[in-house]
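Close look at the chain arrangement
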Amino acid sequence: MHEPVKGDKNLVIDFHSHILPGIDDGSKSVEESIQMLTASREQGVDCVVLTPHFYAGRWNPEDFFESRNSAFEVLSNASVGLGIKLVVGAEVEYFEGITAMEELREMRISGSSAVMIEMPFRPWSRRVIRDITEIAGRRNYSVILAHIERYIDYQDDSVIEELINAGVIMQANANSFSGFFKSQKCIKLLKSGLVHIIGSDCHNMTVRPPNLRSALNMIEKKCGGAVLQNVICTGNLILFGE
Ligand SMILES: [Fe+2]
């Protein structure tokens, strides 16, 4: 099994997870969250970004922050000694008006400029594209699009290119790297520079468990150690600016 050489700039980061307990359709309890973190650690993950769903139609931002921050405090205390770094963010569902929501600032991944956005599962209108590039162009902001492989087929290649040229970061789910044939699409995207970072998007220990290791191994096998290292370094740059 490949174990990346650890250093300050070399943490294996799971960028997308629903491990924070009791806040969305992910972990239902602190115990389940600890099992998920333990499984992640066993797979060589050093840092997990906690990205609970934020739906503007369902949550008031202040209530979301209160629930998220108290769940984060509980999990941080319960996970001391696991040897895994936790960073809190959100998976913000795109909505018309997202650019005007002041609280987007606090939805950025803690300590970084990056906000993760889940996009519509249909061809994106010019308005949607303009909103994303506007946010990505702000001072102290960057945008990560969650699981790009799930909606890339609805978009023209020029749209993806335009967003990447605007600095938008593309995340793919580890599950999309599983299996010889299924992995081909994401491997191709990665080799073409259309995927930059990966996440497990884990929700539980049963049907959507932590699975980053399988993706790391597949990337190394199909693309080589240098490409894997590039994914890891890109993640560290986003989170720590290193
Ligand atoms: Fe997610």
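Use the structure listed above.
From a predicted model like this one, the values you see are computed outputs, not experimental measurements. Along each chain, numbering runs from 1 in the same order as the chain's sequence is written. Owing to the predicted nature of the model, reporting of local features is limited to residues with pLDDT of at least 70; listing and counting of side-chain atom pairs is limited to 80 or more, with chain, interface and lining totals taken over all residues. Only hydrogens and water are set aside; all other atoms, that is, all heavy atoms of the structure, feed into the side-chain values.

The secondary structure content of the chain amounts to seven helices and nine strands. By principal-axis analysis of the C-alpha atoms, the chain measures approximately 45 × 45 × 35 Å. Contacts are assigned to residue pairs that have any heavy atoms within 4.5 Å of one another. Sequence-distant contacts, at least 24 apart, represent 76% of the contacts inside the chain between residues at least 6 apart. When the accessible surface of the chain is split by element, carbon and sulfur atoms take 50% of a total near 10,800 Å². Distance between charge centres in the chain, computed from 24 positive and 31 negative side chains, equals 6 Å. By the criteria applied, helices consist of DSSP H or I runs no shorter than four residues and strands consist of E runs no shorter than two, each listed in order from the N terminus. Using a 1.4 Å probe, accessible areas were evaluated by the Shrake-Rupley method; residue-level cover was limited to the displayed protein chains. Only four residue types enter the charge count: Lys and Arg as positive, Asp and Glu as negative, with His and the chain ends excluded. The atoms used to mark charge sites are NZ of Lys, CZ of Arg, CG of Asp and CD of Glu.

Another point: unusual backbone geometry. You will see that asparagine 140, though not glycine, has its phi angle at about 65°, which is positive. Tracing the chain through its elements places asparagine 140 in the loop between helix H3 (126–136) and strand S7 (142–145). Even without being glycine, aspartate 201 reaches a positive phi, approximately 55°. Within the secondary structure, aspartate 201 sits in the loop between strand S9 (197–199) and helix H6 (212–223).

Taken N-terminus to C-terminus, the directions of H3 and helix H4 (residues 157–165) make an angle of 20°; their axes are 10 Å apart at the nearest point. On the basis of the axis angle, H3 is roughly parallel to H4. When you trace H3 past H4, the crossing you get is right-handed. Of H4, the residues touching H3 (which contributes Arg126, Ile129, Ile132 and Thr133) are Val159, Glu162 and Leu163. Residues that form the contact of H3 with H4 fall into these classes: four nonpolar, one polar and two charged. Only the stretch in contact is used when a helix axis is fitted, and all axes are lines through C-alpha atoms; the angle between N-to-C directions ranges over 0 to 180 degrees. Here is the rule for angles: anything less than 35 degrees is roughly parallel, anything more than 145 is roughly antiparallel, 65 through 115 is roughly perpendicular, and the remaining ranges are oblique. Crossing chirality is assigned from the near helix's rotation relative to the far helix, an anticlockwise turn below a right angle marking it left-handed and a clockwise turn marking it right-handed. Gly counts as polar in this scheme, as do all residues outside two lists: the nonpolar Ala, Val, Leu, Ile, Met, Phe, Trp, Tyr, Cys and Pro, and the charged Asp, Glu, Lys and Arg.

This part is about the pattern of salt bridges. Between Lys or Arg on one side and Asp or Glu on the other, a salt bridge is scored when a side-chain nitrogen of the former is within 4 Å of a carboxyl oxygen of the latter. Scanning the model with the defined rule gives eight salt bridges in all. One salt bridge connects arginine 138 with glutamate 134, and the closest N-O pair in it is separated by 3.0 Å. With its nearest N and O atoms 3.0 Å apart, the salt bridge here joins lysine 185 to aspartate 153. In this pair, lysine 185 sits in helix H5 (residues 183–191) while aspartate 153 sits in the loop between S7 and H4, placing the two residues 32 residues apart along the sequence. Classification of residues uses two cut-offs on accessible area relative to the type maximum, computed with a 1.4 Å probe and protein chains only: under 20% is buried, over 50% is exposed, and between them is partly exposed. Under the relative-accessibility criterion, lysine 185 is labelled partly exposed at 34%. Several salt bridges share partner residues, and in doing so they unite Glu96, Arg127 and Asp131 into one network.

What follows deals with the coordination of the iron ion. Shown as donors are all N, O and S atoms within 2.8 Å of a metal ion, widened to 3.2 Å for Na, K and Ca; because water is not in the atom set, sites may appear incomplete. Protein coordination at the iron ion: the donors are His16 (NE2), His18 (NE2), Glu91 (OE) and Asp201 (OD), at 2.1 to 2.3 Å from the metal. Here a site with four donors is tetrahedral if all angles are between 85 and 135 degrees, and a site with four or six donors is square planar or octahedral if opposite donors are over 155 degrees apart and the other angles are between 65 and 115; anything else gets the irregular label. Because the angles between the four donor atoms bound to the iron ion fall within 80 to 162°, the donor set is best described as irregular. Mapping the donors of the iron ion onto the primary sequence yields the spacing H-x1-H-x72-E-x109-D.

With that settled, consider the sheet that holds S7. Spatially, S3-S5-S6-S7-S8-S9 is the arrangement adopted by the six strands of the open sheet, whose pairing is parallel. With one partner strand each, in any of the chains shown, strand S3 (53–54) and S9 form the two edges of the open sheet. The pairing criterion for strands is at least two bridges between them, as found by DSSP. As defined by bridge partners, strand S8 (residues 169–173) adjoins S9 across three bridges and the pair is classed as parallel. By the bridge assignment for S9, glutamine 171 is matched with isoleucine 197.

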